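Chain and residue survey
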Protein chains: 2
Amino acid sequence: MIQPPASCPLCTLSSEKVLWSDEQFRVIAVTDPQCPGFVRLISQIHIAEVSDLPASAQTRMFSLLVAIESAMRQMLHPDKINLASLGNQVPHLHWHIIPRWKDDPFFPDSIWSAPKQRSEPVSSAASQAERATRAEAFWKTVPAVCAAVL
Amino acid sequence: MIQPPASCPLCTLSSEKVLWSDEQFRVIAVTDPQCPGFVRLISQIHIAEVSDLPASAQTRMFSLLVAIESAMRQMLHPDKINLASLGNQVPHLHWHIIPRWKDDPFFPDSIWSAPKQRSEPVSSAASQAERATRAEAFWKTVPAVCAAVL
């Protein structure tokens, strides 16, 4: 663990919508209408890379990641799930857990890519309203899902 | 496991530069001069999401991921490492393990973002030639690194 810089936005909770937390990790809801249900899993200590974590915390982090992914699939039924630990802008370990739909503005590229100029809508399995409803329901399950991870 | 489509490019080895493989996973070198040392960890079976894997294979996959990240840090000393399982274009489970430098064309954005228009070079800790040399050395260690993961 390195000394956290005073400027690290993940070392302060400020305006985050925290769904669950303990001493090691927290999960926040990311309010992004293009990706309803988006969450981040964030280390509570200021480290940059997965391999900076002790082995036991790595194992727990990955168990949380899979549990969240499983719940997201079960509750949202997205076309794909994207998992990413980048941290180029904020080098404090955090995972993006992103539900993707074939008609979201970036599919099949990453959500960090340029949005598509779609000539016609891509057929989707769920309306925007239905996705938002599912996302709220998914977020509500996150505390129980994470609490069940040993 | 679902029936792999005949068109899945990760179900055929074709022109991949395989560094290591076993029954469950393989690691390939990604030849990208903008990210020397880039590798992918790929499931040998055609599944889309991490949570499609049996728990024992998930554990092993994450152990491989961390071992590769650790070796990449030790051999390349990049400014950051990016880990991502996206699969929007090829829904066959694979991880991008990407060394990032502050003066690569995309930093601090993702490698899938638009490249930067840099008005002046960002100082870097290693020259392009040095990075390429380190990347080759790193790729050579991958077989031993992966073989050591139980």
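Just so we're clear, the structure is a prediction, and the values are computed from it rather than from any experiment.

Thresholds, definitions, all that
Throughout this document, residue positions are counted from 1 along each chain, in the order its sequence is written. To read the labels, note that chains go from A and ligands from 1, taken in the order they are written. Side-chain atom pairs in this predicted model are given and counted only at pLDDT of 80 or more, local residue features only at pLDDT of at least 70, and totals for whole chains, interfaces and linings cover all residues. Note that the side-chain values use all heavy atoms of the structure and ignore hydrogens as well as water. By definition, pLDDT measures how confident the predictor is in each residue, and it falls between 0 and 100. Two strands pair under a simple rule: DSSP has to find at least two bridges between them. Secondary structure is summarised from DSSP: a helix means a run of H or I of at least four residues, a strand means a run of E of at least two, and numbering begins at the N terminus for each. Axis geometry follows a simple rule: fit a line to the C-alpha atoms, using only the stretch in contact for helices, then measure angles between N-to-C directions, giving values from 0 to 180 degrees. By definition in these notes, contact holds between two residues if any of their heavy atoms fall within 4.5 Å. Cavity means a closed set of points on a 1 Å grid over the protein atoms alone, one where a 1.4 Å probe fits but cannot get out, pocket means an open set with protein on both sides within 12 Å along at least 5 of 7 lines, and lining means a residue has an atom within 4 Å of a point. Grid points are joined across faces, edges and corners, and a volume is the space filled by probe spheres set on the points. We call Asp, Glu, Lys and Arg charged. Ala, Val, Leu, Ile, Met, Phe, Trp, Tyr, Cys and Pro are nonpolar, and the rest, Gly among them, are polar. Simply put, the buried area is the total loss of 1.4 Å probe accessible area from both parts when two parts are fitted together. Criterion for a salt bridge: a side-chain nitrogen of Lys or Arg within 4 Å of a carboxyl oxygen of Asp or Glu. Polar contacts, as used here, are pairs of N or O atoms within 3.5 Å; protein pairs need one atom able to donate a hydrogen and one able to accept it. Residues neighboring in sequence count only if both atoms are side-chain atoms. Under the scheme applied here, a residue whose accessible area is under 20% of the maximum for its type counts as buried, over 50% as exposed, and between as partly exposed, the area being computed with a 1.4 Å probe on protein chains only. Each copy is superposed on the other by least squares, with the fit set by C-alpha atoms of residues at a pLDDT of at least 70 in both.

1. Focus: the confidence of the model for chain A
Of the residues in chain A, 94% reach a pLDDT of 70 or more, and the chain-wide mean stands at 93. Prediction confidence for the complex, expressed as pTM and ipTM, is 0.95 and 0.94 respectively.

2. Topic: the sheet that holds strand β4 (residues 80-85) of chain A
The sheet built from ten strands is open, its strands ordered β1(A)-β2(A)-β3(A)-β5(A)-β4(A)-β4(B)-β5(B)-β3(B)-β2(B)-β1(B) with antiparallel pairing. Strand pairing shows two members of the sheet lacking a second neighbour, β1 (17-21) of chain A together with β1 (17-21) of chain B, which therefore form its edges. Taking each pair of neighbouring strands and ignoring which way they run, the sheet shows an average axis angle of 20°. Alignment of strand β3 (residues 39-43) of chain B against strand β5 (residues 94-100) of chain B, held across four bridges, turns out to be antiparallel. Bridged to Val39(B) within β5(B) is Ile97(B). Across the sheet, helix α2 (residues 128-147) of chain A lies against β1, β2 (25-29) and β3 (39-43) of chain A, angled at about 25° from β1(A), the strand it touches most. Where helix α2 (residues 128-147) of chain B meets the sheet, it contacts β1, β2 (25-29) and β3 of chain B, and its direction lies at approximately 25° from that of β1(B).

3. Observations concerning the layout of surface pockets
Residues and elements named next belong to chain B. Counted as a void, the largest pocket has a volume near 370 Å³. Counted by class, the lining of the largest pocket contains nine nonpolar, seven polar and two charged residues. When its volume is computed, the second largest pocket comes out at roughly 290 Å³. Lining the second largest pocket are 15 residues, with Gln 89, Val 90, His 94, His 96 and Trp 112 positioned closest to its centre.

4. Focus on the interface of chain A and chain B
Contact with chain A, which involves 30 residues of that partner, is made by 30 residues of chain B. Between chain A and chain B the total buried area reaches about 2,700 Å² when both faces are included, carbon and sulfur atoms providing 50% of it. A per-residue breakdown of the area chain A buries against chain B is headed by Glu49(A), Lys80(A) and Asn88(A), which together make up 24% of the total. Taken together, the links from chain A to chain B amount to four salt bridges. A salt bridge links Lys80(B) to Glu49(A); the shortest N-O distance between them is 2.8 Å.

5. What about the side chain of Glu49(B)?
Along the chain, Glu49(B) turns up in the loop between β3 and α1 (55-76). There is a polar contact of 2.7 Å between the side chain of Glu49(B) and the side chain of Lys80(A). Excluding residues that lie within four positions of it along the chain, Glu49(B) makes contacts with Glu69(A), Arg73(A), Lys80(A), Ile81(A) and Leu93(B).

6. With respect to the environment of Phe107(B)
Tracing the sequence through the fold places Phe107(B) in the loop between β5 and α2. According to the relative accessible area criterion, Phe107(B) is buried, its value standing at 9%. Placed 24 residues apart in sequence, Phe107(B) and Leu83(B) show a C-alpha to C-alpha distance of 15 Å. With near-sequence residues (within four places) excluded, Phe107(B) lies in contact with Asn88(A), Lys80(B), Arg100(B), Trp101(B), Lys102(B), Lys116(B) and Arg118(B).

7. Topic: the pairing of β4(A)
Counted residue by residue, β4(A) has six buried out of six residues, so it is predominantly covered. Burial of the side chains of β4(A) extends over both faces: Lys80(A), Asn82(A) and Ala84(A) are buried on one face and Ile81(A), Leu83(A) and Ser85(A) on the other.

8. Some details on the relation of the copies chain A and chain B
Each copy superposes on the other: chain A lies on chain B with an RMSD of 0.0 Å after a rotation of 180° and an axial shift of 0.0 Å. Given the turn and translation reported, the copies of this chain are related as if by a two-fold rotation axis. Comparing contact sets, 100% of the residues at the interface of chain A also lie at the interface in chain B, consistent with an isologous, same-surface contact.

9. Brief notes about the pattern of salt bridges
Residues and elements named next belong to chain B. Following the criterion strictly, the structure yields 16 salt bridges over all chains and no others. With a shortest N-O distance of 2.7 Å, Asp 104 and Arg 100 are connected by a salt bridge. Taking relative accessible area as the criterion, Asp 104 reaches 2% and is therefore assigned buried. As a salt-bridge pair, Lys 116 and Asp 109 come within 2.4 Å of each other at their nearest N and O atoms.

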